[in-house]
Amino acid sequence: MASELMSNEIALLAIFILSVFVGFEVVSKVSTTLHTPLMSGANAIHGVILVGAIVVADHAKTTLEISLALAAVILATINMVGGFVVTDRMLQMFKGKNKPKKDKGEDK
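What counts, and at which threshold
Residues numbered from 1 in each chain as written. Predicted model: local features only at pLDDT ≥ 70, side-chain atom pairs only at ≥ 80, totals over all residues. Heavy atoms only, no water. Helix = DSSP H or I, 4+ residues; strand = E, 2+ residues; numbered from the N terminus. Buried < 20%, exposed > 50% of the residue type's maximum accessible area, 1.4 Å probe, protein only. Areas by Shrake-Rupley, 256 points an atom, 1.4 Å probe, with all protein chains shown as cover. Core = buried A, V, L, I, M, F, W, Y, C linked by side-chain atoms within 4.5 Å. Contact = heavy atoms within 4.5 Å. UniProt positions renumbered as here; feature names shortened; annotations may be inferred. Salt bridge = Lys/Arg side-chain N within 4 Å of Asp/Glu carboxyl O. Patch = residues over 30% accessible without salt bridge, like charges linked within 9 Å, V, L, I, M, F, W, Y side chains within 5 Å. Expected span 1.5 Å × (residues − 1).

### Remarks on the overall build of the chain
If you tally the helices and strands in the chain, you get 3 helices and 0 strands. Its helices and strands taken in sequence order, the chain reads α-α-α from the N to the C terminus. For the chain, the residues scored as buried account for 14% of the 108 residues in total. Split by element, the accessible area of the chain, about 9,300 Å² in all, is 71% carbon and sulfur.

### Thoughts on the nonpolar core
One finds L50, A53, V73, A76 and M80 forming the largest nonpolar core, which totals 5 residues. With 3 residues, helix α3 (residues 63-94) is the single largest residue contributor to this core. Look past the residues within four positions of M80 in its chain and what remains in contact with it is N43, H46, G47 and L50.

### Overview of the UniProt feature "transmembrane region" (unreviewed entry) in the chain
UniProt records the feature "transmembrane region" (unreviewed entry) at residues 6-26, 38-60 and 66-87, using the numbering of this structure. As annotated, residues 6-26 comprises 100% helix and 0% strand, and the C-alpha atoms at either end are separated by 30 Å. In residues 38-60, helix accounts for 91% and strand for 0%; the two terminal C-alpha atoms are 33 Å from one another.

### As for the environment of S40
Looking at where S40 falls in the secondary structure, it is placed in helix α2 (residues 32-58). Taking relative accessible area as the criterion, S40 reaches 37% and is therefore assigned partly exposed. Separated by 48 residues in the primary sequence, S40 and D88 place their C-alpha atoms 9.7 Å from one another.

### Looking at the pattern of salt bridges
Applying the stated criterion to the full structure yields 1 salt bridge. Here E25 ties to K29 by a salt bridge, and the two come within 3.2 Å at their closest N and O atoms. Its relative accessible area of 63% is what places K29 among the exposed residues.

### Topic: a nonpolar patch on the surface
Together, L13, F16, I17, V20 and F21 make up a nonpolar patch on the protein surface, roughly 510 Å² of accessible area in all. If you trace the backbone, F21 turns up in helix α1 (residues 2-28). With a relative accessible area of 54%, F21 lands in the exposed category.

### Some words on the side chain of H46
Following the sequence through the fold, H46 ends up in helix α2. With sequence-adjacent residues up to four places away left out, H46 is seen in contact with N79 and M80.

### Concerning the environment of G52
Take G52: it is sitting in helix α2. With 17 residues separating them along the chain, G52 and A69 place their C-alpha atoms 9.9 Å apart.

### A short note on α3
For α3, built from 32 residues, the straight-helix expectation of 46 Å at 1.5 Å per residue is met to within 8% by its first-to-last C-alpha distance of 47 Å. Restricting attention to buried positions, one finds in α3 the residues A69, V73, A76, M80, G83, T87 and M90.

Shown next as structure tokens:
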């Protein structure tokens, strides 16, 4: 029984480590022009995660569950808002710089 539990934990750890490596490789190969649309999609996913954290917080009964659910809601909110801030900054980079307009009387 204990060896079966240990093998399950090792398998889960191996899957986690492999997913970290695959995720890093996939994200590092994304070109700059595709990064902003992907961030927008990720922000939508973060919104779903926030709703899930709120639902979990609604069903929490013990103090520990409430504390963990509150931490999940706070972290999901920070993650989502931070994603929107990063997306906004990236969109600002694609805008052209505004040149100051000259008045008609200043043609010297």
